[in-house]
Amino acid sequence: MAEEITLSVFRGDRSGGREQEYKIPAMTGMVVLDALHYIQAHQAPDLAVRWNCKAAHCGSCSAEINGSAKLLCKTRVDDYENEVIHVRPMHTFPVIKDLVTDVSWNYEKLRQIPAFQPAINAPFTLQQRDVDRLQEFRRCIECFLCQNICHVLRDHDAKDAYWGPRMMIRISELQMHPLDTADRLDLLKGAAGIGYCNITKCCTVVCPQGINITENGIIPMKESVADKYFDPLGGLVRKMHK
Amino acid sequence: MAQPAQAVHGGKTGSAWWVEPYLTVLALGLFGLYSIWLVFFQHTGQFHNYLSPFFSPTQSWGIKVLPALWVLWVPLLFRATCYYYRKEIYRGFFHDPMACGIPESRRKFYFGETRFPFIWTNLHRWFWYLALVVLVFLWIDAIRAFIFPNGFGVGLGSIIMLVNVVLLTLYSLSCHAFRHLVGGGSTRFSCADGSPTTRYKLWRTVSDLNQRHGLFAWISMFSVWFTDVYIRMLIYGVIHPVRFF
């Protein structure tokens with residue numbers, strides 16, 4: 001490994017900014033977040049970076065490293081041998097300062113999703129196989145890398161029309177619960193805009209938790225919407241079956 | 001609003017992200033052109049007991065239409081609305097986006113699958129139902145490919161047709177819409193005694209197959225193509241039929 005690493009880090013705020021180069025000594029096992037902490041400690045104490053657990057569990061340190069959406073704490077610098085490491089904030093959300101972005105829009109949308117409405121009061125017992133699907137979605141650490149890479153939000157800035165992959169799997173988690181009684185399909189087709197997703201699967205590619213967002217969350221929800229709105233025959237069969 | 005500063009490195013640096021979309025355009029484009037050539041310039045796909053999948057079934061029940069077009073629209077729409085192909089088509093043909101993180105050239109007028117024509121992708125299950133009907137005919141054709149004038153036999157064409165229909169079956173049964181229909185739409189996978197429901201077992205099996213849906217999509221498309229090319233070469237006398245016994 002090279003003795004010195006060059007990082008080009010975005011410095012700026014909502015009004016604009018540019019990348020600034022820093023050279024730091026390489027250390028064994030160093031991740032990009034370590035490199036940024038070194039810069040903070042020795043060269044730029046005013047460098048803003050959001051982080052918390054440094055163990056890929058809190059989802060705070062999302063950023064773009066050489067154009068790819070990643071967690072700073074999970075990306076080793078030796079993955080970029082002989083390359084300048086470009087570190088930028090998430091493109092989809094407004095910059096507050098340097099690498100810190102304003103992700104509050106995601107929390108606003110999460111609050112708009114109708115909460116779990118159980119048919120019976122807790123405590124209840126469920127078979128593991130009935131909750132396996134939900135537990136995959138509960139691994140989400142809300143790093144919002146999926147929201148950042150989703151081209152509907154990133155390139156088309158269609159936040160008013162589509163709530164993004166994170167909200168889709170939150171709704172999936174609730175919809176697939178065996179005891180939930182709420183119907184969120186109108187929301188999915190309407191305000192949450194599931195039809196805007198064209199299944200290009202970038203959300204799944206960037207998920208640091210390995211959640212199969214598209215295959216296990218979004219597509220089943222698209223099919224549930226198709227059940228209700230695009231399949232009158234299936235609807236009739238289900239009604240008769242009940 | 002997204003952040004004001006445009007990313008310097010909008011896409012994945014150092015990776016050949018453009019290979020996949022261009023290969024998709026090449027493969028699907030060539031297959032599309034070949035299909036158009038068959039529809040407008042070829043009138044049969046029959047060579048003795050071998051029948052090209054593009055021309056099956058041969059019965060048209062009195063409906064006057066070009067022989068290949070009679071059937072072709074069903075698998076074409078089934079594949080065009082397939083969740084796997086949608087990803088490849090949007091990336092390759094519409095650059096929506098070409099690859100993850102690659103900035104799009106067309107930023108206005110994106111409606112996803114909420115308006116015509118892409119809202120039709122919601123009808124995927126209907127094309128799946130129709131594709132199953134075609135699949136039944138293809139199985140009949142594959143069985144007929146083993147029946148020669150002198151009785152049962154095995155030729156190279158018989159094996160090609162059998163492999164083709166097996167791959168098409170795998171592609172059809174690994175479909176996302178089928179996965180949802182067999183059990184994905186259910187929220188309960190356990191019986192009252194705690195044992196797994198039949199729907200759960202079916203859903204698990206289809207889910208396992210579904211993980212290879214993309215693979216089945218490509219190899220079944222190439223097998224259809226190859227089967228027709230083989231039979232067409234027999235029709236034109238370019239090659240002679242190989243009979244094992």
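This is a predicted model, so every value here is computed, not measured.

> Would you mind going over the state of the cysteines in detail, with residue names and values included?
Applying the stated criterion to the full structure yields 1 disulfide over all chains. One disulfide bridge connects Cys202(A) with Cys100(B), the sulfur atoms lying 2.2 Å from each other. Its S-S torsion of about -90° marks the bond between Cys202(A) and Cys100(B) as left-handed, since a negative value means left-handed. Residue Cys202(A) is located in helix H8 (residues 202–206), and its partner Cys100(B) is located in the loop between helix H3 (83–92) and helix H4 (124–144); the two belong to separate chains. The buried category is assigned to Cys202(A), whose relative accessible area is 4%. By relative accessible area, which is 6% here, Cys100(B) ends up buried. No disulfide involves Cys207(A); its sulfur sits 6.3 Å from that of Cys143(A), the nearest cysteine. Exposure remark for Cys207(A): the relative accessible area of 16% places this residue in the buried category. With no disulfide of its own, Cys82(B) lies closest to Cys175(B) among cysteine sulfurs, the gap being 6.6 Å.

> Can you break down the interface of chain B and chain A residue by residue, with the values?
On the side of chain A, 57 residues touch chain B, which itself brings 55 residues to the contact. Summing both sides of the interface, chain B and chain A together bury roughly 4700 Å²; the carbon and sulfur share of this comes to 51%. A salt bridge links Arg125(B) to Glu223(A), with the shortest nitrogen-to-oxygen separation between them at 2.8 Å. If you look at where chain B meets chain A, you find 23 residue pairs in polar contact (both at pLDDT 80 or more). Mapped by element, the contributors of at least two residues to the side of chain B that touches chain A are H3, H4, helix H6 (176–184) and helix H7 (198–210) of chain B. Of the residues assigned to the side of chain B that touches chain A, the class counts are 24 nonpolar, 19 polar and 12 charged.

> Pulling in residues and values, what's your account of unusual backbone geometry?
Note the cis peptide between Ala122(A) and Pro123(A), where omega equals 5°. Within the secondary structure, Pro123(A) sits in the loop between helix H2 (104–111) and helix H3 (128–137). Cis rather than trans, the peptide bond between Asp96(B) and Pro97(B) has omega equal to -5°. Located in the positive-phi region is Ile199(A), a residue other than glycine, with phi close to 55°. With a relative accessible area of 1%, Ile199(A) lands in the buried category. One non-glycine residue with positive phi stands out, namely Lys201(A), at about 65°. Tracing the sequence through the fold places Lys201(A) in the loop between helix H7 (185–189) and H8.

> Could you give an account of the nonpolar core, with specific residues and numbers?
Residues and elements named next belong to chain A. Counting residues in hydrophobic clusters, the biggest one holds 81 residues, and the most contacted among them are Leu7, Leu36 and Leu72. Residue contributions to this core peak at 6 residues, all from helix H9 (residues 213–229). The two domains that each donate at least three residues to this core are domain 1 (4–101) and domain 2 (104–241).

> Account for the domain arrangement of chain A, with residues named and values stated.
How big an interface is tends to be expressed through the accessible area that disappears when the partners come together. Residues and elements named next belong to chain A. Annotation of chain A at the domain level lists domain 1 (4–101) and domain 2 (104–241). The straight-line distance from the C-alpha centre of domain 1 to that of domain 2 is 31 Å. Each partner contributes residues to the interface: domain 1 has 15 residues there, and domain 2 has 16 residues. Approximately 1200 Å² of surface area, both sides summed, lies buried where domain 1 meets domain 2, with 56% of it carried by carbon and sulfur atoms. When the buried surface of domain 1 facing domain 2 is broken down by residue, Ala69, Thr92 and Phe93 rank first, second and third, together holding 43% of it. Viewed at the interface, domain 2 and domain 1 are joined by 1 salt bridge. A salt bridge links Arg154 to Glu64; the shortest N-O distance between them is 2.7 Å. Put simply, domain 1 and domain 2 have 7 residue pairs in polar contact (both at pLDDT 80 or more) between them. Only strand E3 (62–65) and strand E4 (68–71) provide two or more residues apiece to the side of domain 1 that touches domain 2. For the side of domain 1 that touches domain 2, the class distribution of residues is 7 nonpolar, 5 polar and 3 charged.

Conventions and cut-offs
- Counting from 1, residues in each chain are numbered in the order their sequence is written.
- Going through the entries in the order they are written, you letter the chains from A and number the ligands from 1.
- Two thresholds apply to this predicted model, a pLDDT of at least 70 for residue-level local features and 80 or more for giving and counting side-chain atom pairs, whereas whole-chain, interface and lining totals are computed over all residues.
- Only hydrogens and water are set aside when side-chain values are computed; all heavy atoms of the structure are taken into account.
- The disulfide criterion is simple: two cysteine sulfur atoms within 2.5 Å.
- Numbering of helices and strands runs from the N terminus; a helix is a DSSP stretch of H or I covering at least four residues, while a strand is a stretch of E covering at least two.
- Burial classes: relative accessible area under 20% of the type maximum marks a residue as buried, over 50% as exposed, and values in between as partly exposed (1.4 Å probe, protein chains only).
- Contact definition: two residues touch when any of their heavy atoms are within 4.5 Å.
- Buried area, as used here, totals the accessible surface that two parts lose on assembly, with accessibility defined by a 1.4 Å probe and the loss added over both.
- Salt bridge, as applied in this entry: a Lys or Arg side-chain nitrogen positioned within 4 Å of an Asp or Glu carboxyl oxygen.
- Whenever two N or O atoms come within 3.5 Å, that pair is a polar contact, provided that in protein one can donate a hydrogen and the other can accept it, and provided that, for residues adjacent in sequence, both atoms are side-chain atoms.
- Note on residue categories: nonpolar means Ala, Val, Leu, Ile, Met, Phe, Trp, Tyr, Cys or Pro, charged means Asp, Glu, Lys or Arg, and polar means any other residue, Gly included.
- Residue types Ala, Val, Leu, Ile, Met, Phe, Trp, Tyr and Cys, when buried and joined through side-chain atoms within 4.5 Å, form a set referred to as a nonpolar core.
- Where each domain starts and ends follows an automatic or database-derived domain assignment.

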